[in-house]
Amino acid sequence: MDPYLVGLDLGGRRVVVVGGGAVAQRRITGLLAAGADVEVVAPEVTPAVEGMATAGEVRWSVRTYRDGDLDSAWYVVACTDDPAVNAAVGADAEARRIFCVRADDAPAGSAVTPAVGHHDGLTVGVLAGRRPRRSAAVRTALVEALQTGLVDDSAEPVHPGVALIGGGPGDPELITVRGRRLLARADVVVTDRLGPRDLLDTLAPHVEVIDASKIPYGRAMNQARINELLVEHARAGRFVVRLKGGDPYVFGRGFEEALACAEAGVPVTVVPGVTSAFAAPAVADVPVSHRGVAHEIVVVSGHVAPGDPRSLVDWPALGRLRGTLVLLMAVERIDAFATALIEGGRPADTPVAVVQDGTMRIQRSLRATLATVADAVREQGISPPAVIVVGPVAGLAHEPVTG
């Protein structure tokens, strides 16, 4: 017979997990999220479970299962690697009328764990006739549909306001789950050229898209005008998404927009994004940190040159650093930046990596040194947007895996 799917309120109630392996670790996580009072009975546990016990999240009885361990329990999970022990746990649970999940033999238990997913306060549980791979696949598809807005879970319309969403470095799959969900509910989207532009094609026909792109040394919408548009549309009763590249608060002028909305009395939601400062190097096989190589990461805006009265950067101090320096918006002035770093004490042979259009289909990169990077950028025609990484990490590489 099909099991009866029900939600158990385990908050503050005793739950016994017999076994301490990988299966137990997965089940304990969900039980703790439900507020259960979890006791683990096992002579050995995984490091993660031991960490939970050390932190006081669970109680760990360091021994094998014995009669009486289920006293006052509301729910039991039998997940040892010994079927005989699991069978004994199941029999004891049956005698005490306690629902028991058998990880090794689902039909032998009195309860079945569904494939569970969560989305914005919703819990989705799927059972597929004891076919766990099918239930997991359906669960994942349902949660993804909710996250992307394919399935509308809103009981009420979205309230007017503004969401500042970091869209990530450009690849549409690198926007956050929350960012994608709010984007799907927008009435107006104010976007720029560094945002995940492929997502615009997924918007509903009624959504108004406003191009607020800023072309380096070219056409650009005035920031004051962008602020005005956000406020105007929100005040008109619309839900406005400001879709930005990277993270809105990492050299994205997002806080200026948040301040403008706050001053106008418009509610603002900030959704952090994956910053290109770290993502672009990563996809080009450049780690911005590595054990024993770099203990510091400094991200610097290169929109003004060293010596410019507007500059807030201590270039001599950066020249003395030994770790990783990430330069954004620095392609046009890379010669001046390289010179300043060398004059500040950085060796001329310090490795440099330059990644243009990181995560995009047209991504390309080069490797050089501080002494040669300016010439290499010119020779290869590197143009914005590009991320420049200076430091020993830019010289690291590994052999690609083939097969």
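Refer to the structure above for everything that follows.
Residues numbered from 1 in each chain as written. Predicted model: local features only at pLDDT ≥ 70, side-chain atom pairs only at ≥ 80, totals over all residues. Heavy atoms only, no water.

Novice: Whenever I open this one, the pattern of salt bridges confuses me. Can you help?
Specialist: Oppositely charged side chains may form a pair once their charged atoms are brought near each other. Summed over the entire model, instances satisfying the criterion amount to 17 salt bridges. Between Arg-96 and Asp-71 there is a salt bridge, with the nearest N and O atoms lying 3.4 Å from each other. Here Arg-96 is found in the loop between α3 (83–95) and β5 (99–102), whereas its partner Asp-71 is found in the loop between β3 (59–61) and β4 (75–78), with 25 residues between them in sequence. Asp-71 gets classed as partly exposed once you look at its relative accessible area, which sits at 42%. Glu-232 is paired through a salt bridge with Arg-225; the nearest N and O atoms lie 3.2 Å apart. Judged by its relative accessible area of 34%, Arg-225 is partly exposed. Ionic contacts of the salt-bridge type, sharing partners, join the residues Arg-14, Asp-37, Glu-39 and Arg-59 into one network. (Salt bridge = Lys/Arg side-chain N within 4 Å of Asp/Glu carboxyl O. Helix = DSSP H or I, 4+ residues; strand = E, 2+ residues; numbered from the N terminus. Buried < 20%, exposed > 50% of the residue type's maximum accessible area, 1.4 Å probe, protein only.)

Novice: In this structure, what is going on with the layout of surface pockets? I would like to understand it.
Specialist: Once rolled over the atoms, a probe with the size of a water molecule shows which space is left empty. Taken as a whole, the largest pocket spans an internal volume of roughly 1700 Å³. Elements represented by at least two residues in the lining of the largest pocket include exactly α1 (22–33), β4, β5, β6 (115–119), β7 (122–126) and α4 (132–148). A per-element tally of the lining of the largest pocket places α1 first, with seven residues. A breakdown of the residues in the lining of the largest pocket according to their chemical character gives 29 nonpolar, 12 polar and seven charged. (1 Å grid on protein atoms, 1.4 Å probe; cavity = no way out; pocket = protein on both sides within 12 Å on 5 of 7 lines; lining within 4 Å. Points joined across faces, edges and corners; volume = space filled by probe spheres on them. Nonpolar A, V, L, I, M, F, W, Y, C, P; charged D, E, K, R; others polar.)

Any functional reading would require information that these geometric values do not contain.
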